[in-house]
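# Observations on chain architecture
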Amino acid sequence: MIPRSFAPAKMTPKLVIILVGGVITFIVIKLLLRAFVIVPVGEVGVIDNPQKMLNHPLMPGTYWLNPLDNVIKISTRTQVQHETLELTSQEGINFTVNIVLKCHINPQKSVTFYQVIGDNNKAILQENLAAALRSVISQYSLKVIYGNQNQVIAAKVQSLMNQALNAQGLVIERVSLINFVLPEDVKSSIQQRFIAEQQAEKRKTEAKGLADALRNFQGLMGPQNIINVVSDDSTFTVKDKNK
């Protein structure tokens, strides 16, 4: 015989009603909470329902939706991505470049972005950046790449990426080529050539300036001046007209 203290409680109709009511209340509250959706500033919502998908996103705000609708929140804030790529110049020389990429998702095209790209955002950006950068870099010599054409090259890369990705909802705000890492022998050769060109330009400028000064002096002296200046923009010669 089971002791009286351990005997199971009888399910009275009143207890059954309380339990069923509690379960129903819990389900209703859960559905209401699921139907109440807040999309914060800097994000948009995309409704993903097996039966339908809205063609327009939910902009920041508060919404009452079908509890069966699954709302995917997508950030539209600027994203920063750092990449390092190995490239080949016009001469066939390999080098490495560090890139900073800034982009965001177009809120108006966020549904297309979710359908086409989804979670592959980073991979898609890497793929398109590599393709655009290799296409542009192959048009330039290493001297130009290592010189002062970084902004021109970056602007062309940004344009190519926007052409490929804008329709899918991605907007490239800026491409920055931060640092070119060249083989040491190539880097040394370019630096020596650059220094030599600077020195030659400096000598040319100094020679031209001195030649101009002598011409001005000749003009002040008048027709009887016996100084004749001959300059080829890099050297100058002073001749005596009487000889």
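Residues numbered from 1 in each chain as written. Predicted model: local features only at pLDDT ≥ 70, side-chain atom pairs only at ≥ 80, totals over all residues. Heavy atoms only, no water.

## Section: the overall build of the protein chain
A tally of regular secondary structure across the protein chain gives 6 helices and 9 strands. Counting only contacts in the protein chain whose residues sit at least 6 apart along the sequence, the fraction spanning at least 24 positions is 65%. In the structure as shown, the protein chain presents an accessible area of about 16,100 Å², 57% of it carried by carbon and sulfur atoms. (Helix = DSSP H or I, 4+ residues; strand = E, 2+ residues; numbered from the N terminus. Contact = heavy atoms within 4.5 Å. Areas by Shrake-Rupley, 256 points an atom, 1.4 Å probe, with all protein chains shown as cover.)

## Some remarks on helix H3 (residues 121-137)
Over its 17 residues, H3 extends 24 Å from the first C-alpha to the last, a length consistent with the 24 Å expected when each residue adds 1.5 Å. All buried positions along H3 are accounted for by Asn121, Leu125, Asn128, Leu129, Ala130, Ala132, Leu133, Val136 and Ile137. For H3, the elements touching its buried residues are strand E5 (79-88), strand E6 (94-105), helix H2 (110-116), helix H4 (142-146), helix H5 (150-165) and strand E7 (170-181). (Expected span 1.5 Å × (residues − 1). Buried < 20%, exposed > 50% of the residue type's maximum accessible area, 1.4 Å probe, protein only.)

## Regarding the confidence of the model for the protein chain
Put simply, the protein chain has an average pLDDT of 77, and 65% of its residues get 70 or more. Across residues 233-238 the pLDDT falls below 50, and counting only partners more than four positions away or on other chains, this stretch makes 19 contacts in the model. (pLDDT = per-residue confidence, 0-100.)

## A closer look at the packing of H3 against H5
Look at H3 against H5: their axes get within 9 Å of each other, and the N-to-C directions meet at 130°. The pairing of H3 with H5 is recorded here as oblique in orientation. Two packed elements cross with a definite hand, and for H3 against H5 that hand is right-handed. Residue-level contacts link Ile124, Leu125, Asn128, Leu129, Ala132, Leu133, Ser135, Val136 and Ile137 of H3 to Ile153, Lys156, Val157, Leu160, Met161, Ala164 and Leu165 of H5. (Axes fitted to C-alpha atoms, helices over the stretch in contact; angles between N-to-C directions. Parallel < 35°, antiparallel > 145°, perpendicular 65-115°, else oblique. Left-handed = near helix turned anticlockwise from the far one by under 90°.)

## Focus on the sheet that holds E6
A sheet is described by the order of its strands in space; here 3 strands give the open sequence E5-E6-E7, paired in antiparallel fashion. Only two strands of the sheet have a single neighbouring strand rather than two, namely E5 and E7. Geometrically, the sheet is characterised by an average inter-axis angle of 25° between neighbouring strands, direction not taken into account. Note: E6 against E7, 10 bridges, orientation antiparallel. Residue pairing in the sheet places Leu101 in a bridge with Val175 of E7. Packed onto the sheet, H5 meets E6 and E7 and runs at close to 145° relative to E7. (Pairing = 2+ DSSP bridges.)

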